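Below, each chain spelled out in residue letters.
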Amino acid sequence: MSTSHDQLARVAHLLEVGRAEQALDELGRLPGDVATGVAAFRLRAAALTDLDRWDQVVTVARQGLAETGPDAELLGRLGLALRHEREFPLAERALLDGLALAPENSWLLCQYADLCSAVGQTDKAERLVARAAAIAPGAPTVFASRFQLAYARGDDRGAERVAQEFLAAWPAHPAALALHGHAASARGRVDAARRSFGQAVAHDPTDAGFADAAWESRVYAHPLLRPLRPLYRLGVLRTWLVAVGVIAVLNIVGLDLLAALFALLWVVYCVWSWVAPPLVRRLVRRRWRP
Amino acid sequence: MADDLLTPTVAAEAYEVRRTPWRPQSLLYPAVFGGPTAVTVLGLVNGARLGVSRRATMAVAGAGVAALAARIAVTLWLSAAGTERPSRVIGAVAGALAWLAVAAVQKPRFRAYELRGGEPASLWGPGLAAVLVCGFAEAALILAVTS
């Protein structure tokens, strides 16, 4: 018994350090009775979640529920996976079944909040996150759900604030770093985004999503795109208003030649903003993945 | 603890998007180059694709009509004042104003679509078509009104 207990503990540790593939291998070597216990099903579903293999998470969670009876964590995994599989009503059913078993489970409440954010029911999501936050104020899942909620509302400033709070509370959490990177790039802070994504990858090198984001953030931090930083910081509309304003003022004052020159520069800048990013993306990709 | 929160609300609605929407933020480009009509037409099509509420659709249509009216009014006023008419710039500003309504109304809906794993459709073809067709139609209208 103690050896199987050790084996499960080892799998849990592998998951903690982000080695989901290895954890799955270990789970495959478990003896029959342990392999069909609820703990093994939970770990298997968690490992597959880390690997974003959602269809398999659904299968494993359903199998676990069928063989070991109702379990809040497995229902939560099932709900999470079904959300990724775009089976929203079924995901809700699973999460509500889980919450019926464990109404005070902040992780489940956050899963349900994320589902509500994804279908645009942001008011309900806010109430769910508030309830989860009352139970576990500093939990990473609560921060992540607050971020998703702010993002779903289109509130980029709010999302950035949540990301900063998350990072302050969990300075080495890969999800905190990645969300901080997302928020920074949404607000046009390309260097901060590159740093955060780079650290997220350093802390969790196996996550494909972090790696992609880190790669993309390196593109935008490239020296060739340095002239475009004001554009990313201000946003297209404000930059464009400034440009048009300058041209209009120069026209009104009567400096037509200067206005024409500025307009020409502006057109070049616009063309650069369209042509340069794909070009740099190709350059960076060649260097990174030869 | 009142548990109206833990009652199903997702099942009732259909969230499948029939046609892929454009990123509302990207509609600024056709707005600037094509004017209020172009962005309003694209905004209404995009609103249908995102499944926005009736009120949101009316807001986009209303803002479009108001921006077009404002463009005509400002152009008439400037030509009455005898100034050289920077017609293109006025059209671009009016388009950007109409776009503000589209972006404000459609951004949350698009964000939810993104959270569901959706990707935006390419705006190149439809955007260019809207700029050419609606832009020229609007220019003809302005010309007809001012001359």
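Source: prediction; values computed, not measured.

Draft legend 1. Examining helix H7 (residues 88-101) of chain A more closely. Residue and element names in this part refer to chain A. If you check H7, its first and last C-alpha atoms are 20 Å apart, about what 14 residues at 1.5 Å a residue would give, namely 20 Å. Along H7, the positions that sit buried rather than exposed are Phe 88, Ala 91, Glu 92, Ala 94, Leu 95, Leu 96, Gly 98 and Leu 99. Along its buried surface, H7 packs onto helix H6 (72-84), helix H8 (106-118) and helix H9 (122-135).

Draft legend 2. Local environment of the interface of chain B and chain A. Counting residues at the interface gives 33 residues for chain B, matched by 32 residues for chain A. Counting each side, the surface lost to burial between chain B and chain A is near 3000 Å², with a carbon and sulfur contribution of 63%. Our enumeration of links across chain B and chain A arrives at three salt bridges. Here Asp156(A) makes a salt bridge to Lys107(B), at a shortest N to O gap of 3.6 Å. Applying the counting criterion to the chain B and chain A interface returns 14 residue pairs in polar contact (both at pLDDT 80 or more). Counting residues per element, the ones that place at least two in the side of chain B that touches chain A are helix H1 (28-34) and helix H4 (87-115) of chain B. Examining the composition of the side of chain B that touches chain A, we find that 12 residues originate from one element, H4(B), more than from any other. Partitioned by chemical class, the residues of the side of chain B that touches chain A number 21 nonpolar, four polar and eight charged.

Draft legend 3. Local environment of the packing of aromatic side chains. Summed over all chains, the structure comprises seven aromatic pairs over all chains. Ring centres 5.9 Å apart and planes at 25° place the aromatic pair Trp266(A) and Tyr269(A) in the stacked group. Here Tyr269(A) and Trp266(A) lie together in helix H17 (residues 256-288), a separation of three residues that amounts to about one turn. Neither residue differs from the other here; Trp266(A) and Tyr269(A) are each classed as buried. Relative to Tyr113(B), the ring of Phe110(B) has its centre 5.7 Å away and its plane inclined at 45°; by these criteria the two rings are tilted. One end of the pair, Phe110(B), and the other, Tyr113(B), are both in helix H4, three residues apart, so they sit about a helical turn from each other. Judged on exposure class, the residue Phe110(B) and its partner Tyr113(B) are both buried.

Draft legend 4. Quick peek at the UniProt feature "transmembrane region" (unreviewed entry) in chain B. All names here are of chain B. Per the UniProt record, the feature "transmembrane region" (unreviewed entry) sits at residues 27-45, 57-80, 86-105 and 126-145. End-to-end, the C-alpha atoms of residues 57-80 are 35 Å apart, and along that stretch the chain is 100% helix and 0% strand. Along residues 126-145 the backbone is 100% helical and 0% strand, and the end-to-end C-alpha distance reaches 28 Å.

Draft legend 5. Expanded view of the packing of helix H3 (residues 54-80) of chain B against helix H5 (residues 124-146) of chain B. Residue and element names in this part refer to chain B. Contact geometry of H3 with H5 gives a least axis separation of 10 Å together with a crossing angle of 40°. Here H3 is positioned oblique relative to H5, judged by the angle of their axes. You can see that H3 and H5 cross each other, and the crossing is right-handed. Together, Leu 68, Arg 71, Ile 72, Thr 75 and Leu 76 of H3 and Glu 138, Leu 141, Ile 142, Val 145 and Thr 146 of H5 make up the contact between the two elements. Residues that form the contact of H3 with H5 fall into these classes: six nonpolar, two polar and two charged.

Draft legend 6. Fine view of the nonpolar core. With 58 residues, the main nonpolar core has Tyr112(A) and Leu128(A) as its most contacted residues. Examining the composition of this core, we find that eight residues originate from one element, H8(A), more than from any other. Once residues lying within four places of it in the same chain are set aside, the contact partners of Leu128(A) are Leu109(A), Tyr112(A), Ala113(A), Cys116(A), Leu5(B) and Leu6(B). Within the second largest apolar cluster, 36 residues are counted, among which are Leu27(B), Val32(B), Ala67(B) and Ala98(B).

What counts and how
- Every chain begins its residue count from 1, and numbering advances along the sequence as written.
- Working convention: letters from A go to chains and numbers from 1 go to ligands, in the order in which they are written.
- pLDDT decides what is reported in this predicted model: residues at 70 or higher carry local features, side-chain atom pairs at 80 or more are listed and counted, and totals for whole chains, interfaces and linings draw on all residues regardless.
- Excluding hydrogens and water, the side-chain values take into account all heavy atoms of the structure.
- A run of DSSP states H or I qualifies as a helix once it reaches four residues; a run of E qualifies as a strand once it reaches two. Both are numbered from the N-terminal end.
- For a helix, the expected span equals 1.5 Å multiplied by the residue count minus one.
- A simple rule labels every residue: compare its accessible area, found with a 1.4 Å probe on the protein chains alone, to the largest value its type can have, and call it buried under 20%, exposed over 50%, or partly exposed in between.
- Every residue pair with non-hydrogen atoms within 4.5 Å of one another is taken to be in contact.
- Summed over both partners, the accessible area (1.4 Å probe) lost when two parts come together is defined as the buried area.
- A carboxyl oxygen of Asp or Glu within 4 Å of a side-chain nitrogen of Lys or Arg is what we treat as a salt bridge.
- Residues adjacent in sequence count toward polar contacts only when both atoms are side-chain atoms; beyond that, a polar contact is any pair of N or O atoms within 3.5 Å, and within protein one must be able to donate a hydrogen and the other to accept it.
- Classification used: nonpolar for Ala, Val, Leu, Ile, Met, Phe, Trp, Tyr, Cys and Pro, charged for Asp, Glu, Lys and Arg, polar for all others including Gly.
- Only Phe, Tyr and Trp rings take part, Trp by its six-membered ring, and two of them pair if their centres are within 6.5 Å. Stacked means planes under 30 degrees apart, edge-to-face means over 60, and tilted covers everything else.
- UniProt positions are given in the numbering used here, feature names are shortened, and annotations may be inferred rather than shown by experiment.
- With axes taken as lines fitted to C-alpha atoms, and helix axes fitted only over the stretch in contact, angles between N-to-C directions fall between 0 and 180 degrees.
- Put simply, angles under 35 degrees are roughly parallel, angles over 145 are roughly antiparallel, angles from 65 to 115 are roughly perpendicular, and the rest are oblique.
- By convention the crossing between two helices is left-handed if the near helix lies anticlockwise of the far one by an angle smaller than a right angle, and right-handed if it lies clockwise.
- The set of buried Ala, Val, Leu, Ile, Met, Phe, Trp, Tyr and Cys residues whose side-chain atoms join them within 4.5 Å is what this entry labels a nonpolar core.

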